[in-house]
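Chain by chain, the residues:
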Amino acid sequence: MTFPTRLALIGIPWDENSSFMRGAAEAPPLIRAAFASESANLWSETGVDFGATPIFDAGDVEPVSGAAMISRVTESIEALLDQDYRLTALGGDHAITYPVVKAFAKKYPRLSLLHFDAHPDIYDEFQGNRYSHACPFARIMEEGLDERLVQVGIRTATGHQREQIKRFGVEVVEMKDFRDDLRLEFDTPVYVSFDIDGLDPAF
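Everything numeric in this text was worked out from a predicted model, so none of it was measured.

**Remarks on the overall build of the chain**
Right, on to step 1. The secondary structure content of the chain amounts to five helices and seven strands.
Right, on to step 2. Mapped in sequence order, the helices and strands of the chain form the string β-α-β-α-β-α-β-α-β-α-β-β.
Right, on to step 3. The C-alpha radius of gyration of the chain comes to 17 Å, within 12% of the 17 Å expected for a compact globule of 203 residues.
Right, on to step 4. Viewed in the frame of its principal axes, the chain has a C-alpha envelope of about 50 × 45 × 35 Å.
Right, on to step 5. Looking at the chain residue by residue over its 203 residues, the buried ones come to 42%.
Right, on to step 6. Taking the contacts inside the chain whose residues are at least 6 apart along the sequence as the reference set, 70% of them involve residues at least 24 apart.
Right, on to step 7. Taken as a whole, the chain presents about 11,300 Å² of accessible surface, with 53% of it coming from carbon and sulfur.
Right, on to step 8. Between the centroid of the 19 positive side chains of the chain and the centroid of its 33 negative side chains there is a distance of 5 Å.

**As for helix α3 (residues 97–107)**
Right, on to step 1. Burial of α3 is extensive: eight of the 11 residues sit out of reach of the surface.
Right, on to step 2. Residues T97, Y98, P99, V100, V101, A103, F104 and A105 constitute the buried set of α3.
Right, on to step 3. Those residues of α3 that are buried are in contact with β1 (7–12), α2 (67–81), β3 (86–91), β4 (112–116), α4 (136–142) and β7 (190–194).

**Re a nonpolar patch on the surface**
Right, on to step 1. Taken together, the side chains of V190, V192, F194, I196, L199 and F203 present a nonpolar region at the surface, about 610 Å² in accessible area.
Right, on to step 2. V190 sits in the partly exposed class, given a relative accessible area of 36%.

**Let's talk about the nonpolar core**
For soluble globular proteins, the rule of thumb is that nonpolar side chains tend to be buried together.
Right, on to step 1. Grouped together as the largest cluster of nonpolar side chains are 34 residues, with contacts concentrated most on I12, I77, L87, F104 and L113.
Right, on to step 2. Secondary-structure elements contributing two or more residues to this core are β1, α2, α3, α4 and α5 (159–168).
Right, on to step 3. Ignoring sequence-local partners within four residues, the contact set of I77 consists of I10, L87, V100, A103 and F104.

**Points about the environment of R148**
Right, on to step 1. On the secondary structure map, R148 appears in strand β5 (residues 148–154).
Right, on to step 2. Overall, R148 belongs to the partly exposed group, its relative accessible area being 22%.
Right, on to step 3. Spatially, the C-alpha atoms of R148 and F168 are 9.4 Å apart, while their sequence positions differ by 20 residues.
Right, on to step 4. Setting aside chain neighbours within four positions, we find R148 in contact with L111, S112, L113, E171, E185 and F186.
Right, on to step 5. At 2.7 Å, the side chain of R148 and the side chain of E171 are in polar contact.

**Focus on the sheet that holds β4**
Right, on to step 1. With parallel pairing, the four strands of this open sheet are ordered in space as β6-β5-β4-β7. Each edge of the open sheet carries a strand with a single partner, namely β6 (171–174) and β7. Averaged over all neighbouring strand pairs, the angle between strand axes comes to 15°, with direction disregarded.
Right, on to step 2. Docked against the sheet, α3 engages β4 and β7, running at close to 170° with respect to β7.

**With respect to the packing of aromatic side chains**
The description of two aromatic rings rests on the distance between their centres and on the angle between their planes.
Right, on to step 1. One pass over the full model with this rule turns up six aromatic pairs.
Right, on to step 2. Relative to Y108, the ring of F104 lies with its centre 6.3 Å away and its plane at 25°, an arrangement referred to as stacked.
Right, on to step 3. Between the aromatic rings of F116 and F194, the centroid separation amounts to 5.9 Å while the plane-to-plane angle is 50°, which identifies the pairing as tilted. You can see F116 sitting in strand β4 and its partner F194 sitting in strand β7, a full 78 residues away along the chain.
Right, on to step 4. Taken together, F104, Y108 and Y191 form an aromatic cluster joined through their ring pairs.
Right, on to step 5. We note K107 situated over the ring of Y108; from NZ or CZ to the ring centre the distance is 5.9 Å.

**Concerning the pairing of strand β2 (residues 55–60)**
Right, on to step 1. Of the strand pairs in this sheet, β1 and β2 are connected by four bridges, and their pairing is parallel. Within β2, the residue paired with L9 across the bridge is D57.
Right, on to step 2. Once you follow β1 into helix α1 (residues 27–35) and on to β2, the crossover reads as right-handed.

Conventions adopted
Counting from 1, residues in each chain are numbered in the order their sequence is written. Local features in this predicted model are restricted to residues whose pLDDT is 70 or higher, and side-chain atom pairs enter the listing and the counts only when it is 80 or higher, whereas totals over whole chains, interfaces and linings include all residues. To get the side-chain values, all heavy atoms of the structure are used, and hydrogens and water are removed first. In DSSP terms, a helix is any run of H or I states spanning at least four residues, a strand is any run of E spanning at least two, and both are numbered starting from the N terminus. Taken over C-alpha atoms, the radius of gyration is set against a globule rule of 2.2 Å times the number of residues to the power 0.38. Only protein chains enter the accessibility calculation, which uses a 1.4 Å probe; a residue whose area is less than 20% of its type maximum is buried, one above 50% is exposed, and one in between is partly exposed. Here a residue-residue contact requires only that any non-hydrogen atoms of the pair lie within 4.5 Å. Surface accessibility follows the Shrake-Rupley procedure with a 1.4 Å probe radius. Residue values consider only the protein chains on display as shielding. Charge assignment in this entry is limited to Lys and Arg as positive and Asp and Glu as negative, and neither His nor the chain termini are counted. For this purpose, a charge sits on NZ of Lys, CZ of Arg, CG of Asp or CD of Glu. A residue counts toward a patch only above 30% relative accessible area and without a salt bridge, and it is joined to like-charged neighbours within 9 Å or, for Val, Leu, Ile, Met, Phe, Trp and Tyr, to nonpolar neighbours within 5 Å. One side-chain nitrogen of Lys or Arg within 4 Å of one carboxyl oxygen of Asp or Glu is enough to make a salt bridge. Here, nonpolar core means buried Ala, Val, Leu, Ile, Met, Phe, Trp, Tyr and Cys residues that are tied together by side-chain atoms lying within 4.5 Å of each other. Under the rule applied, a polar contact is a pair of N or O atoms within 3.5 Å (in protein, one hydrogen donor and one hydrogen acceptor; residues adjacent in sequence only if both atoms are side-chain atoms). One bridge is not enough; two strands pair if DSSP finds at least two bridges between them. As a rule, the C-alpha atoms of each element are fitted with a line to give its axis, helices using only the stretch in contact, and angles between N-to-C directions run from 0 to 180 degrees. Ring pairs shown here join Phe, Tyr and Trp side chains whose ring centres sit within 6.5 Å, with only the six-membered ring taken for Trp; geometry is labelled stacked below 30 degrees between planes, edge-to-face above 60, and tilted in between. The rule is short: NZ of Lys or CZ of Arg within 6 Å of the ring centre and within 35 degrees of the ring normal puts a charge over the ring. The handedness rule is simple: strands pointing away from the viewer, and a clockwise path from the first strand over the helix to the second, make the crossover right-handed.

As structure tokens, this is what we get:
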């Protein structure tokens, strides 16, 4: 069984807006190397052979400093979506989500977001930075870029973030409430944003 659509990936090696520690900008080539590692095969649990499915690698967005990077990321994603690719973006920290979703929202006016993370990343601003990796979903929601935001795996929502969640009508499944039989249904296109610490906060 092969995947019937055009697949592409793009790296966004950007962590300028990270707090505490940086290093996520180094991830895209490491993710590519892990995907192609001889330690495993390229078959999925659902029977898709990704080794037989052409995946276009668009390379990495060349990083620049400040707001110019937001525009560059959005334009790069738009160019691939205009070619009807189903796209995977490799970060980078979670600040990339805002410019990426800006591009998806242009192509899919009725867009839902499914966000896996230990943190809701919905501060209005963090350490004086409105484009911090802790803020992308606040920018997305206040600009009306999506119709619905569902967050799964949240462990550390602060009082301010809980106010933001209520303000924007975000649906949150905190890890303490997670069930093995959890089912989520969407009736719009869905953009999935995945932060590895949604599986384990140690990472």
